[in-house]
Structures are given as C-alpha cells and as structure tokens.
Amino acid sequence: MAVKEAVDTSPEVMLAFYRRLYPFKSLFNWLNHEHAPTRRFTHREFAFTLQGDVYLRYNSFNTAEELKKQVCQLNPTRFEIGPVYSARPKDKKTVRPGMFTPLQRELVFDIDMTDYDPVRTCCSGADICRRCWAFISAAVQVLHTSIREQFGYENLLWVYSGRRGIHLWISDKEAMELTDDQRKALVSWMTVIHGGQESSKKLNVRLNARSLPASLQTAVEHLATIFPEVVLSDQNLFASEDGYEALLEQIPDSQVVTSLRKTWSANPSRSSEDKWLDLKAQAKKFEKGSSQRTNLTAAMEDIILHYTYPRIDAEVSKHRNHLLKAPFCVHPKTGRVCVPVDPLHIDEFNPESVPTVGQLLKELDTAGRSEGEVGEHHSDWEKTSLKPYVDILDKHALRLMEQVRLEKREQDVSW
Amino acid sequence: MFKSTDRKVFHDDKELAQVTKHSPVKYPYRLNFYDRPPLYDVTVEEFETCALDRLRILAEIESSAARNRSWEELKTVTNKQCTNHLPLQTTGTQELLESQRRKDHLGHFVLRLAFCRSEDLRRRFIKAESTLFRIRYDGDNTEERQLFLNSRDFNWIPVDAAEKSKYRRELLASYSGSKNESVREQAFDTERYYKVKWTRVPDLVEKRKVFLKAGWAYVPGKEQSSIVFQEFEVHLAKALELTARSLPRLDEDSRLVPILDNLSQGFLAGVPSEWSGSGEAINGDEIKAEMVDDLAKRHFPLCMRSMHDNLRRDHHLKHFGRLNYGLFLKVLGLSIEEAVVFWRKSFDRITDDKFNKEYKYNIRHSYGLEGKRANYAAKSCQQLLTSGPSDHGCPYRHFSLENLQTALLSTYSSRGLTSADLPEIVATVKAGHYHVACTRVFEMTHSSFGVKKGEGTGGGESITHPNQYAAKSMELYKVQQDSAEKMLVE
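Residues numbered from 1 in each chain as written. Chains lettered and ligands numbered in written order. Predicted model: local features only at pLDDT ≥ 70, side-chain atom pairs only at ≥ 80, totals over all residues. Heavy atoms only, no water.

Draft legend 1. Structural detail: a negative patch on the surface. Residues and elements named next belong to chain A. Residues E229, D342, D347 and E348 make up a contiguous surface patch of negative charge. Examined against the element boundaries, D342 turns out to sit in the loop between β9 (340-341) and α14 (357-371). Judged by its relative accessible area of 31%, D342 falls in the partly exposed class. (Patch = residues over 30% accessible without salt bridge, like charges linked within 9 Å, V, L, I, M, F, W, Y side chains within 5 Å. Areas by Shrake-Rupley, 256 points an atom, 1.4 Å probe, with all protein chains shown as cover. Salt bridge = Lys/Arg side-chain N within 4 Å of Asp/Glu carboxyl O. Lys, Arg positive; Asp, Glu negative; His and termini not counted. Charge placed at Lys NZ, Arg CZ, Asp CG, Glu CD. Helix = DSSP H or I, 4+ residues; strand = E, 2+ residues; numbered from the N terminus. Buried < 20%, exposed > 50% of the residue type's maximum accessible area, 1.4 Å probe, protein only.)

Draft legend 2. Structural context of the packing of helix α5 (residues 130-151) of chain A against helix α8 (residues 214-234) of chain A. All names here are of chain A. The contact between α5 and α8 brings their axes to 11 Å, and the two run at 170°. Judged by the inter-axis angle, α5 sits roughly antiparallel to α8. Packed against α5, whose contacting residues are R131, A134, F135, A138, Q141, V142 and Q150, the element α8 presents S215, A219, H222, L223, I226, V230, V231 and D234 at the interface. Split by residue class, the contact of α5 with α8 holds nine nonpolar, four polar and two charged. (Axes fitted to C-alpha atoms, helices over the stretch in contact; angles between N-to-C directions. Parallel < 35°, antiparallel > 145°, perpendicular 65-115°, else oblique. Contact = heavy atoms within 4.5 Å. Nonpolar A, V, L, I, M, F, W, Y, C, P; charged D, E, K, R; others polar.)

Draft legend 3. The packing of α8 of chain A against helix α12 (residues 291-308) of chain A, seen in detail. All names here are of chain A. Axis separation between α8 and α12 bottoms out at 9 Å; the angle between their running directions is 70°. Classified by the angle between their axes, α8 and α12 sit roughly perpendicular to one another. On the side of α8, the interface is formed by Q217, V220, L223, A224, F227 and V231, while α12 contributes E301, I303, I304, L305, Y307 and T308. The residue inventory of the contact of α8 with α12, partitioned by class, reads nine nonpolar, two polar and one charged.

Draft legend 4. Region of the structure containing the interface of chain B and chain A. Contact residues are listed per partner, giving 25 residues for chain B and 26 residues for chain A. Summed over both partners, the interface of chain B with chain A buries about 1900 Å², with 58% contributed by carbon and sulfur atoms. Area buried by chain B at its contact with chain A is led by W198, E206 and R208 of chain B, which between them contribute 38% of it. Between K184 of chain A and E206 of chain B there is a salt bridge, and its shortest N-O distance comes to 3.6 Å. Applying the counting rule to chain B against chain A returns nine residue pairs in polar contact (both at pLDDT 80 or more). If you list the elements that add at least two residues to the side of chain B that touches chain A, you get α9 (168-173), α10 (181-190), α11 (202-206) and β3 (211-213) of chain B. Ranked by residues supplied to the side of chain B that touches chain A, first place goes to α9 of chain B with four residues. Counted by class, the side of chain B that touches chain A contains eleven nonpolar, five polar and nine charged residues. (Buried area = accessible area lost by both parts, 1.4 Å probe. Polar contact = N/O pair within 3.5 Å; in protein donor to acceptor, adjacent residues only side chain to side chain.)

Printed below as a string of structure tokens:
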C-alpha cells in the first residue's frame, strides 16, 4: 500500500456517508429493473454487518427510501445483497419452509488477488499494487469477452471490491433465472486453474490431447499478448530458482528440462524474458509438425493460461443464495468505496485512486462551503468525485430498465 | 385414479370410438416420457403391485449409487432386476408389449404420487428414475430409439452445413473421438450438429464438451442423449412439483393413502423385501436350540446379533425383541419344540411356572399354534427400520454412531472387520443408506468366502431381510465345508 494514512471508517463517518452520499436510488433501479417496486426488490434479501461483526440476515424492503432509513438506523459497516426469494425475506419465519426458496439472482463472479499469490512477486495477501492489478485487468478482459460471446449475456456490471478484488454482476433475465446446477456448470466451464496449494499441477484442459477448446483458444491468444509484460517483465516470475523450477515442472519434455535447468543455474542473472526465449528456442529446435514441437507449444500455451487466466472464486458463483457485498459500500480496512469499473478501460483503472469515504466527505464540505448551505441533502454525491462512478451504475440501470420496458411493450402488442 | 371417475361421466360411445381410432397402439415405444397420466380404471391391487415392482428397481439403483458401482455394473444389475420384476421388451406379441408397457407407465405414476411430497423424496425419485431411463435408452436399439426421438419435439435446431463449416475449427476442437487425428476428422465430417440453449445441456458445458456461441450450445449427434436426459429430468421435476401442489386437493380414496405412505417408507428402507423364507431348502439339517449361540456368532446380521447378545447378558428380552428375534429364528429353521427349549434356557432366572404362563403362549402364537393361527413372517429390514427408535430395530439406523462403531468392532472383528473399514460404514450410515451399510458389512465379513465388494448376497443384491443375510451366510459356510470335506475324501 502506498501511504498509510489514517483510515477513518468510524460510525460517524459511515453514517454521514449513508445519509449524504450513498446512491440508494441508483442501487434500487439496478436491482429492480423498473421504476415501480417489483419482487426483484421487495423479495430481495439484504444482509447487514453491524459494528462489532453482528450479522443480520433476511432483511427486505419495499422501497429505496425504506432501505435508506434502515441503513441509516443500523449504520452497518457494510451490507450485502442476496437473491430474490419466493416470499419476502423479512417474513421468512412466518412462511412454510418449503415455500421460501431463492428464485432469481444476478449471476455473480468474484476474483480475488489472494488466489494469485503463487504467481505474483510484488505483494502478497491483502496487499495490492498497480503491478499486480494487471492480473485482475487480464482476468476482467477475458471474462468479459467470454461471458458476452459464449453465453450471450449483455448486462455486466464490474465493481471494484474496495481492496484487492473485483466483482461481476450479470443482470440479464436468463442469467438471473439460472439454477444452481446451471451456475455450477457455467463456473466449471470458466475455471481452468483449480485453486489450492496444488497450483503447480499441470492444467487439464485439452479434450483431445492436442487442441484447446475454442473458448480457451481465444483466451490464450489474447493472454499471450500481455503475458510478456505482466509475467516476464513486471513480475519477473522466473528470475528466482523457485520461480523457474515452477516453470520447468510444467514442461513435459524431460530432455528440454535438463538442458534448460543447466543453462539457468549456470547464469543466475538471466531475466524471465531471456528464459522464456530459451524455452521458445528449445521448441524451435524440433521440426515443425513433430510431436515434440506440438507438445512443447501446447505446454507453453498451458503455462500462459496458468499464469494469467482468470482465477475465479467458484463458491461465490455456484449458489443463488450466496451473498455479495453491495456496490458503493465502504471497505472497512481501506475506507475505499466499492465503485463500478468500466471493463473497456480496466487497464487504466488504478485501485489507489478510488476515493475513500474520508476524502469524499471532505470534498462535500468544500463544495458546501462554496455554494452556501442547502436545506436537503439529496444526491450530494454529484458534488464529489463519486459522481463518475454513480453515473456508470445509472447508465447500466437505465439500459436494464429500457430492456424491460421494450419487452413489456412487445408483450402488450401480442395481446 | 386421476379423475377417472370424472371422465367416465363424459364417456359416450362416440368419444370412445374416437380414442381407439386415434391410437391403435397405446404404447408405441419402449421408452416413455410419461407425459400423460394413465386414464383408466385400475384395481387397488394392481395399483400397489405395479408400484412395488418398480420401487424394487429404483431402490436397487439408489443403493448402487451409494455403493459406487460403475455404470456397467449398474446396468447389469438393473437389467437383471428389470427382467425379474418389470420386463420391458422390444419384441414380442403386441399384447405382451402393451401389458409390459402399461405396467411401466402405471408404476411410474403411482410412485410419482408417493414421492412428490417432500423435496428430498422428489430429488431422489428424479435421480433414480432418470438413471432407469438412461439404462433403458442405452439398451434400446438404434432404430427404435430414433423412432422414439422423432415422436417428440425436443426443440433442437439442426445446424446446417454452412453454419457447420463456418465454425468448423471451433467445433472440431471440442469434438472428442479417436486419438488418430484423421479418423477423428472423418467422424466429425459425418457428424450432425444440433443447437440448443446452453442451459439445457449443463453437463456438457461443465466438461467443455460443446462449442458455445451467444448462449447456444452446438451439440454433436453422439451427445444428443444429454439433451434427452436433461429434458427428462426437467420435465419430471416440474411434473412432480405440480403433483405435490395438487395432491392435497386430489379427490382421494381412503384406500390409497396407506399404500402411498407405505411406498414412500419403502424408499427409506431401500428395497421392499422380497426374501421369503425358504429355510429348509438351504440347510437340510434342523437347527437345535443349543446351536443358536454358535450360529449367531457366525452368521447373524448386527440387528439379530445384538438382540442375541442382549438376551445372553440380561437373560431376558422385551416383548418386541422376543417377537422379532423369535420370528427370525423360526424362519431360520428352529422348530417350535426347539424354540421353547431355547427360550426356556435363555430365561434361566424365572420359574417354570412363570415361563409357561407368560411366555410360552406367545412363542406358540408366533408359530401359528395359538389364537389367530396365522403363519407370521419374520420382520423385514423395512419393518425394522421404520419401527421407531428401540433396542430391537435396525442398529445402523437407531444406534448412535459411536455405539454403532463399538458394536461393529466387538461383534465382527473376529470375522475380519477392522477399524479401517469403519469410516466407510459410518459415511454410508450418515447418508441414510442403512441397508447399504449392512450389505457392506456382509461383504467385509464374508470376504474369506470369496465375497467381493459390490457383490452383496450374490449378483449385487442388497440386504433387505435379516434372514436373507443369515441364510446367505450359512449357505456360503456350507459350500466351503462341503468342498473341504470333498478334499478330505479325495
């Protein structure tokens, strides 16, 4: 982390944030898809984490105002959004158990930097810097394209999680209606690296020993363009002995491995780029079309995937009733707001430039002083650096609402 | 059933004639998606037997899954069970085929009624039914299967040649087949592709076996069955939920509820027992009272063994314990005279007078010599399992896990059970597959007789009756003794 300034997320600060800055109306529109409250909002579970880690589940609200009132009253450190149930979650105790089931839910993904610990050298654990953000950025690009092209979903909202990860919310009608089994299948389609400590294991993604499935072929072609910069030059992952040993483990040809190991241990100063070139040169020694050459090329593709392919936290996506932190909450450790991110400019996104709650309140004070005090605090976020981010959510919600409106009109015609 | 009475009211000759004209064959195919409920009169007896026969097969499928049988093993076992209880042939006289298919149809719908009531039962029923469907689909001949597939709209879009060649590279990349590249490509070129929404083939998506484009999955012809199976499951799940919702409003006959209750209990117990004692046939020698101790050690299942041990420890057994154990011994081959001797000796702390007054009558009663003079059958696993917690029910179900493990070790360690085997048993018990646990114990304790894992009491059959357990055990022992004798003679 760059500067260790005092992060102020005290209850008073949080309360002021909820009262004056949190865009409840935008959140409502995004979840509800319509102006008038529907089940998508009224039957939706909200869970609050209060000061002192008290956890309140199964709250539900009729309107955005009601939600705001409750949030200001409870003043939680954060709150999470769950599925749309078959009954109002606040009535959970009074309905028959069988009658209370999750029906709809945005398809969500969570990518967390901790899963990248084995392949990053700059930071570890909760820390994050611009350099390791490149991994997240690569993951976003791959996931964004795959979801849209392969599954045909269009309404994707990317949200920075406030510290070291990123969330994706997909609000397409079909995506919201997926069953747990279908979610599981989709996640497993997307998963290439199976987490845990066995990350050195070779990938098993090839159906016919040779060719990659089409979806991964596209991904690997894109990832190959960023691999040299991120893995070789930025992270310089194969510089250390541990680093290059991990690389050698993934090469199937034992002769190539021995020869490379010899060269590399003799010249400890060889950079990762040099080593990658060495590997490429080894592959070129074999005749084009020979089985050794294809095996090595395949292994190199696998290596690229291994180091740069999105590492998804599968458990988050698999179940409809999994809760995920709402956008625009404040991360209690960093004080940063969980802001929506434009996936097309993900490269330029700098997690350290995301406004913190303290900074926003300061901005508000300055703006208030210059304009003179106004009676009501409505949409005060417009006067702060939170505005561009709220605009992203508003634009996204507007598109959703437009789709629902058109759909409804079409249905009307058919009558 | 199913409002058949309502229909009768509207029945007139014209309608009847029309119906027969439209469907000269009621069940044209062996496979059935069970779209339409049976709309005809059924006797209560037929109602029950059809369901029971089907339940046997479903329970066998369930226990196979719990015992990790391979697909091939499962197929063999199920097909064998099907030939016995629910044959469904491809060829034969029209009449025979119709009656077999009618039974299959009816049984399915009766079980729907029995298993729609809770989430858990529905899930298990769908799983077992779709496995059965898969087995039959697998065993169907290609022609018949194609006819069946054509008879139904699966809502798949055939991919034309132009589109296929457009995505040739992508499709080929996820086309599995021969290791030889050119053979694979040849097969690919003749393959037909179908387009469906990806949500209809989650199993193929999960394994990346299809090509996905904008939400459409391109399914090769040989994976077509995935669509069919998925459709079957989804269809059944919806139908079951609908049935569950309308069940309370069903114009119900009070004769059916007990049958349905009984059926859903049957699933819990595994298989409705088909073991009807043929004790004498198995062991020619009559069993004497003094042999029981020895037999118990060697051949009894845990339930009977623990009752025997209780009897020896307390010199007494409570009423239902006496009843269950007494009937078990009767079917095992203990004559009434020997039974009286056995119980008299076991209850050695009471006077002759008290014994004759309070116990002898009941013993004679259970042999059909007093009162109603009925020949009572020994209690099956199902009855022992569902009798409620007691010290004379099924130990796998009613014992706490700690007690069960202690009991298993102290009872069977001399017969080859080691503590290393316990985790597997405990896991099965935790999953609620009590009869599977018992069957595994049988297999483990009889491994010296050549019983292998998954074989059960022969041919993969599970334990469904304490007497089945004991009889099989004694049979195995006898075969070994006989061959040993032969060796000596030679």
